[in-house]
Amino acid sequence: MKLYVEPFRGLRAWRFEAVGERVLLHSLVMRAGEPWPVDGWFLAHDHSDPFTSHSHPAPAEGCICGVHALSPDRQEMLLRQYGFSIHVLGEVELAGRVAVHGIGFRAERARPSAIYVWDRPSLDVERRARVSETAHIAAETYGVPVMVLRGDVNIP
């Protein structure tokens, strides 16, 4: 595993929480109850093994720790896996220690850099409007642009 210390762009999905006039992003699995900061970096926690005193900073070789993101060329994978659900999709900037693996990255820290609206003809008009509204509010909350993706299969 090679470790890099430079910003990378990756793709990910979040679940969302409407709080007043804002939409906050949450990780899908780890630390799911903790919203991503709206004005800073989401930091990976140092990983510690509960059965030993071993601890290391994330990401580390031989461990799955770190903030996960798919590589940009895996956009169709992201859409196929999460695009039909109620998740918010988008891009992140990854920084600090970044581990590169087969389909993406694990990073020391990340922050949203764009929110996707997947405008699919297969969605009914009402649902398309709800998805678009949620994505636009999330983008406004995090101060990032909205990117509209069009089509059902071959996403540009």
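Structural data are supplied above this passage.
Before going into details, it helps to say that this report is about the structure given with it. (Residues numbered from 1 in each chain as written. Predicted model: local features only at pLDDT ≥ 70, side-chain atom pairs only at ≥ 80, totals over all residues. Heavy atoms only, no water.)

## Remarks on the nonpolar core
Here's step 1: Within the largest apolar cluster, 28 residues are counted, with the highest numbers of intra-cluster contacts made by W14, L25, W36, V92, L94 and I115.
Here's step 2: Going through the elements one at a time, strand 2 (8–19), strand 3 (22–26), strand 7 (67–70), strand 8 (88–101), strand 9 (104–119) and helix 2 (125–142) are the ones with two or more residues in this core.
Here's step 3: No other element matches the five residues that strand 9 contributes to this core.
Here's step 4: The next biggest cluster of nonpolar side chains, apart from the first, holds nine residues, and it includes L11, A13, L78 and W118. (Core = buried A, V, L, I, M, F, W, Y, C linked by side-chain atoms within 4.5 Å. Buried < 20%, exposed > 50% of the residue type's maximum accessible area, 1.4 Å probe, protein only. Helix = DSSP H or I, 4+ residues; strand = E, 2+ residues; numbered from the N terminus.)

## Here we look at helix 1 (residues 75–82)
Here's step 1: Listing the buried residues of helix 1 in full gives Q75, L78 and L79. Considered in projection along helix 1, the buried side chains sweep an arc of 95° and stay on one side of the axis. Exposed and oriented more than 90 degrees from the buried face of helix 1 are R80 and Q81.
Here's step 2: For helix 1, the elements touching its buried residues are strand 2, strand 7, strand 8, strand 9 and strand 10 (146–150). (Arc of directions from axis to C-beta. Contact = heavy atoms within 4.5 Å.)

## A word on the layout of surface pockets
Here's step 1: Its volume calculated, the largest pocket comes out at about 780 Å³.
Here's step 2: Along the wall of the largest pocket there are 27 residues; nearest its centre are R12, V29, M30, G66 and H68.
Here's step 3: Those elements giving two or more residues to the lining of the largest pocket turn out to be strand 2, strand 7 and helix 1.
Here's step 4: Residue contributions to the lining of the largest pocket peak at four residues, all from strand 7.
Here's step 5: Here the residues of the lining of the largest pocket sort into 17 nonpolar, seven polar and three charged. (1 Å grid on protein atoms, 1.4 Å probe; cavity = no way out; pocket = protein on both sides within 12 Å on 5 of 7 lines; lining within 4 Å. Points joined across faces, edges and corners; volume = space filled by probe spheres on them. Nonpolar A, V, L, I, M, F, W, Y, C, P; charged D, E, K, R; others polar.)

## Observations concerning the state of the cysteines
Here's step 1: Tallied over the entire structure, the rule returns zero disulfides.
Here's step 2: For C63, which is in no disulfide, the shortest distance to another cysteine sulfur is to C65 and amounts to 3.6 Å.
Here's step 3: Its relative accessible area of 16% is what places C63 among the buried residues. (Disulfide = S-S within 2.5 Å.)

## Topic: the pairing of strand 8
Here's step 1: Of all 14 residues making up strand 8, 10 are buried, and the element is well covered by its neighbours.
Here's step 2: Pairing of strand 2 with strand 8, which is carried by seven bridges, proceeds in the antiparallel orientation. Opposite G10, over in strand 8, you have V92 as the bridge partner.
Here's step 3: Pairing of strand 8 with strand 9 involves 10 bridges; the strand directions are antiparallel. (Pairing = 2+ DSSP bridges.)

Keep in mind these numbers describe shape, not what the thing actually does.
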